[in-house]
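Here is how the chains run, residue by residue.
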Amino acid sequence: MIIGENITLRAPEPEDLDFMLDCENSRENWLVSETIKPFSRNTLRNYLLSPQNVEEYKQIRWIAEIEKNPVGILDFFDWDKQNQRIGVGIWVSPKNRGKGVGEEMLQLGSKYAFSTLMTNQIYAHILSNNPESEKLFSKAGYNKSGTKQAWVRLQDDWLDQHIYQKLKNG
């Protein structure tokens, strides 16, 4: 558990199943998570019951809560211990956006990744149609370091994907 000023990051619990189903199965999130079909209740239940072993799965997920109420999900993925880097994704419930929740989640998560996982850098991929996320990551100390052009297909159009990085000593 990581306790911040306004939020707490904690491991997902079985009672988070409905909260996670709402997030994971919202079609608006599929584009950024590269999901093409909904998760079943059973699949997510099994995930919640399995141990979070970042060494084995190269991923660790946190539930952000305010006063015991879940407000977001912070996901570290593709942990590369050799090259000391990890990817990060974030989701904040719509009613909690614009209140500093996402920035605090990223700040707490960054401290964890740098000190506990011993990473040198954290990276995020942000689609060009998501200026709110670009603003959030910039505010949290991430720098735009590149662009993958026409990276994601959106119906009959293409979106660029921006790469944001935060270096431990940068």
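Keep in mind it's a predicted model, so treat the numbers as computed, not measured.

S.K.: How should I be thinking about unusual backbone geometry in this particular structure?
M.R.: Keep in mind that most residues, glycine aside, have a negative phi and that most peptide bonds are trans. Its identity as a non-glycine residue notwithstanding, Gln84 has a phi of 55°, on the positive side. With respect to the helices and strands, Gln84 occurs in the loop between strand E4 (69-80) and strand E5 (85-92). The phi dihedral of Ala150 falls on the positive side, at around 45°, and the residue is not glycine. Position of Ala150 among the secondary structure elements: in strand E7 (residues 143-154).

S.K.: Got a minute to help me understand the sheet that holds E5 in this structure?
M.R.: Think of a sheet as strands paired side by side through backbone hydrogen bonds, with each pair either parallel or antiparallel. On the basis of which strands lie adjacent, the open sheet formed by eight strands has the order E1-E2-E3-E4-E5-E6-E8-E7 and mixed pairing. Bordering the open sheet on either side are strand E1 (2-3) and E7, each of which pairs with just one other strand. By the bridge criterion, two bridges tie E1 to strand E2 (residues 8-10) in an arrangement that is antiparallel. Paired with Ile2 across the bridge in E2 is Leu9. Against the sheet, helix H5 (residues 101-115) engages E1, E2, strand E3 (60-66), E4, E5, strand E6 (121-127) and strand E8 (157-167), with an angle of about 40° to E4. Lying over the sheet, helix H6 (residues 131-139) contacts E5, E6, E7 and E8, oriented at roughly 160° with respect to E6.

Conventions we followed
- Residues numbered from 1 in each chain as written.
- Predicted model: local features only at pLDDT ≥ 70, side-chain atom pairs only at ≥ 80, totals over all residues.
- Heavy atoms only, no water.
- Helix = DSSP H or I, 4+ residues; strand = E, 2+ residues; numbered from the N terminus.
- Pairing = 2+ DSSP bridges.
- Contact = heavy atoms within 4.5 Å.
- Axes fitted to C-alpha atoms, helices over the stretch in contact; angles between N-to-C directions.

These figures come from the coordinates and say nothing about function on their own.
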